[in-house]
Amino acid sequence: ESADVVIIGAGPAGLVLGNILLRHGVDCVVLERADREGVENRARAGFLVPNTVRILERNGLDGGVRRGGREHGVCEFRTETGRFRLDYRRLGTGEPHTVYPQHELVADLMARFLDGGGTIRFGTEAAAVADADGPAPSVTVRDADGRPGRWRARYVAACDGRHGAGRRSLPPGTVRHHRDHGVSWLGLLAEAPPSLDAVGYAVHPRGFAGHMARSADITRYYLQCDRDTPADAWSEDLIWDELDLRMRASAYGPLVRGRIVQRSVVALESDVLEPLRHGSLFLAGDAAALLSPSAAKGANLAVLEAELLARALVDALVHGDPEGIDRYSERCLAHIWRAQEFSHWMIRLLHERADPGDAGLFRERLRHVRLASLRDSASRQDWFAEQYVGI
Ligand code: APR
C-alpha cells in the first residue's frame, strides 16, 4: 500500500497535519496503534494558547473549540507568605487561554478528517521507518493480529509520541537533549467542579500542589510526590487531605471533593531531538520534543509544528517548492526551545524545596525572591503573562 504522506499517530499533531493535507488534496493516510475509542477517551492536557486557537480557526478546525471551549485568564499562587492572583488575560499581550479537553479536540479532528474522506488505519502499529535517507521511504507495520505489512511513501511524518517508531528510526548521531527535573507529580482527575476560578499553584514545604479546571464537573489536580511512589499508594481521603493542606484550604476556602477517576505519576522530564528532519522523515509533537507539564505547552507546540509541516509538505508536493521542508526543523526548534525555557523556569518557581545543606537553602531563597518579584513587579507580570499564553 502507499500514500504520498504517511502519518504515524492520531494525536493532535498527526490529526492537524492530516486535516490540512486533506484540505489541499494531498494523498495521505494516518496509521494509529490504538482503536478509535482508545484515542477518543485518553484524557490529557486541556489548555490551549491563543495561537493554537488561531491555527485551528484558519484551517477550519475550530468548530468544537468554539462551541465547547471556555476562556480562562487568572492564576493564583499560594505560598508561605500569602497568596496573590495574576489576571494574566489583562497583562502582557492581553490574551486568555481556552480550556478545552484534549481528547475532545482529538475527537473533533478525527471526525473532521474521516468525514472529509480521510483514511485512518486503527489498530495498526508502525514498527520502523526504512530508507528515510532516500526518495522512497516506507513504514513497516503490524496490524492488531500481528500480521506484518508495509506502507510506501514520499514523506513520513512521525507524530507518534516519545516511544514511537519515528524516534526509533533515527540515524545514529541524532542528538537528544534530555533533562530530568528530579521531581514527580501525581496527576489526578477528580469528578468534582473546580474549587477556584483560577489555575492554582501552591508552593508548600511538603511539595507543590496544583489545581486546573477541565470542565464543569471534572477538575485536574497535581501533588508533587517522591519519584518511586506507585500511583495507588494514597487513599482518596489521604489525597484530599494532602491537597487541603498544601493548597491551604483552611485559610483560603475548602476544595470541592469528589471521586478520583484517574491517577498517574509523571516524572517531570524534558527533551528535544535535533534535527527534526532526516531525509524524508519528519518528527512533530511529542516525537520531536517532550515538554514537562509545568507550563502546558506540549499540545500547543504539537499543533504549531503540525501546521508548519503541513504547509511545507503542500509546498513541496503541490508546488515543487522545498523551502518549507528544508527550514522545518530550524523553525520548530526556535519555538520548542523558547517553550522549554519557560517550562524550566516554571519548574524552578514551583518546586525547589529546602533540602538540607546550603545549596538547597540557597536555591530556596532564590525561589522566594522569584515568587515575590512576580507578585510585586508589573513588568515581571507582563513578561509572565506573555510567556504563559505565548508560543
Ligand atoms: N504506531 C502507530 N501509532 C502509534 C505508535 C506506533 N508505533 N506509537 C504511538 N502511536 C500513537 C498513539 O497511540 C497516539 O494516538 O500516536 C499517537 C500520539 O499522540 P499523542 O501522544 O497525543 O502525541 P502528539 O500528537 O504529539 O501530541 C502531543 O499531547 O497531551 C499532550 O503531553 C502531550 O502535549 C503533548 C501532546
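Everything numeric here is computed off the predicted structure, so don't read it as measured data. (Residues numbered from 1 in each chain as written. Predicted model: local features only at pLDDT ≥ 70, side-chain atom pairs only at ≥ 80, totals over all residues.)

Observations regarding the overall build of the protein chain
Part 1: Of regular secondary structure, the protein chain possesses 12 helices and 20 strands.
Part 2: Its C-alpha radius of gyration of 22 Å places the protein chain within 12% of the 21 Å reference for a compact globule of 391 residues. (Helix = DSSP H or I, 4+ residues; strand = E, 2+ residues; numbered from the N terminus. Rg over C-alpha atoms; globule rule 2.2 N^0.38 Å.)

Description of unusual backbone geometry
Part 1: For the bond running from Glu-274 to Pro-275, omega is 0°, close enough to zero to count as cis.
Part 2: In this model, Asp-131 sits at a positive phi of 55°, which is unusual for a non-glycine residue.
Part 3: Phi is positive for Arg-248, which is not a glycine, with a value near 55°.
Part 4: Looking at where Arg-248 falls in the secondary structure, it is placed in the loop between α7 (236–246) and α8 (249–252).

Brief notes about the UniProt feature "domain: FAD-binding" (unreviewed entry) in the protein chain
Part 1: Sequence positions flagged by UniProt for "domain: FAD-binding" (unreviewed entry) are, in local numbering, residues 3–342.
Part 2: Taken end to end, residues 3–342 is 31% helix and 31% strand, and its first and last C-alpha atoms sit 38 Å apart. (UniProt positions renumbered as here; feature names shortened; annotations may be inferred.)

Structural notes on helix α12 (residues 378–388)
Part 1: Along α12, the residues that are buried comprise Gln-381, Phe-384, Ala-385, Gln-387 and Tyr-388. For α12, the angular spread of the buried residues around the axis is 165°, confining them to a single face. (Buried ≥ 20, exposed ≤ 12 C-beta atoms within 10 Å, placed from the backbone. Arc of directions from axis to C-beta.)

Structural notes on the sheet that holds strand β7 (residues 97–99)
Part 1: Spatially, β3-β7-β4 is the arrangement adopted by the 3 strands of the open sheet, whose pairing is antiparallel. Both outer strands of the open sheet, β3 (47–48) and β4 (70–72), are each paired with one neighbouring strand and no more.
Part 2: Here β3 pairs with β7 via 2 bridges, running antiparallel. In the sheet register, Phe-47 faces β7, and the bridge partner there is Val-99. (Pairing = 2+ DSSP bridges.)

Remarks on the nonpolar core
Part 1: Leu-17 and Ala-284 are the most contacted members of the largest nonpolar core, which has 116 residues in total.
Part 2: Those residues in contact with Leu-17 that lie beyond four places of it in its chain are Ile-7, Ala-157, Cys-159, Ala-284, Ala-306, Leu-309 and Ala-310. (Core = buried A, V, L, I, M, F, W, Y, C linked by C-beta atoms within 7 Å. Contact = placed C-beta atoms within 7 Å.)

Remarks on the sheet that holds strand β18 (residues 277–278)
Part 1: The strand order β8-β2-β1-β12-β19-β18 describes an open sheet built from 6 strands, whose pairing is mixed. Bordering the open sheet on either side are β8 (120–121) and β18, each of which pairs with just one other strand.
Part 2: Two strands pair when backbone bridges link them, and strand β2 (residues 28–31) and β8 are joined in this way by 2 bridges, in the parallel orientation. Paired with Val-30 across the bridge in β8 is Ile-120.
Part 3: Here helix α1 (residues 12–23) sits on the sheet in contact with β1 (5–8), β2 and β12 (155–158), set at roughly 165° to β2. (Axes fitted to C-alpha atoms, helices over the stretch in contact; angles between N-to-C directions.)

Re the site of the ligand
Part 1: Of all residues adjacent to the ligand, which total 27 residues, the nearest are Gly-9, Gly-11, Arg-44, Gly-285 and Gly-298.
Part 2: For the shell around the ligand, the residue count by class is 13 nonpolar, 8 polar and 6 charged. (Near = placed C-beta within 6 Å. Nonpolar A, V, L, I, M, F, W, Y, C, P; charged D, E, K, R; others polar.)

Here we look at the pairing of β12
Part 1: Of the two faces of β12, both are covered, the one formed by Tyr-155 and Ala-157 as well as the one formed by Val-156 and Ala-158.
Part 2: As paired elements, β1 and β12 share 4 bridges and run parallel to each other. Looking at the pairing, Val-6 lines up with Val-156 of β12.
Part 3: Note that β12 and strand β19 (residues 281–283) share 3 bridges and pair parallel. Paired with Ala-157 across the strands is Phe-282, a residue of β19.

Topic: the packing of α1 against helix α9 (residues 298–319)
Part 1: Where α1 contacts α9, the two axes come as close as 8 Å, and the packing angle between them is 30°. Between α1 and α9, the interaxial angle falls into the category roughly parallel. In terms of crossing hand, the pair formed by α1 and α9 is right-handed. Contact with α1, carried on its side by Pro-12, Ala-13, Val-16, Leu-17, Ile-20 and Leu-21, involves Ala-299, Ala-302, Val-303, Glu-305, Ala-306, Glu-307, Leu-309, Ala-310, Leu-313 and Val-314 of α9 and no other residues of that element.
Part 2: Broken down by class, the residue content of the contact of α1 with α9 amounts to 14 nonpolar, no polar and 2 charged. (Parallel < 35°, antiparallel > 145°, perpendicular 65-115°, else oblique. Left-handed = near helix turned anticlockwise from the far one by under 90°.)

Quick notes on the environment of Leu-245
Part 1: One can find Leu-245 in helix α7.
Part 2: For the pair Leu-245 and Arg-206, spaced 39 residues apart in sequence, the C-alpha to C-alpha distance is 9.0 Å.

Describing the packing of α1 against helix α5 (residues 102–115)
Between two packed helices, both the angle of their axes relative to each other and the distance between the axes serve to describe the pair.
Part 1: Two elements in contact, α1 and α5, have axes separated by 9 Å at closest approach and are oriented at 30°. Classified by the angle between their axes, α1 and α5 sit roughly parallel to one another. The handedness of the crossing between α1 and α5 comes out as left-handed. Contacts between α1 and α5 pair Pro-12, Leu-15, Val-16, Gly-18, Asn-19 and Leu-22 from the former with Gln-102, Leu-105, Val-106, Leu-109, Met-110, Arg-112 and Phe-113 from the latter.
Part 2: For the contact of α1 with α5, the per-class residue count stands at 9 nonpolar, 3 polar and 1 charged.

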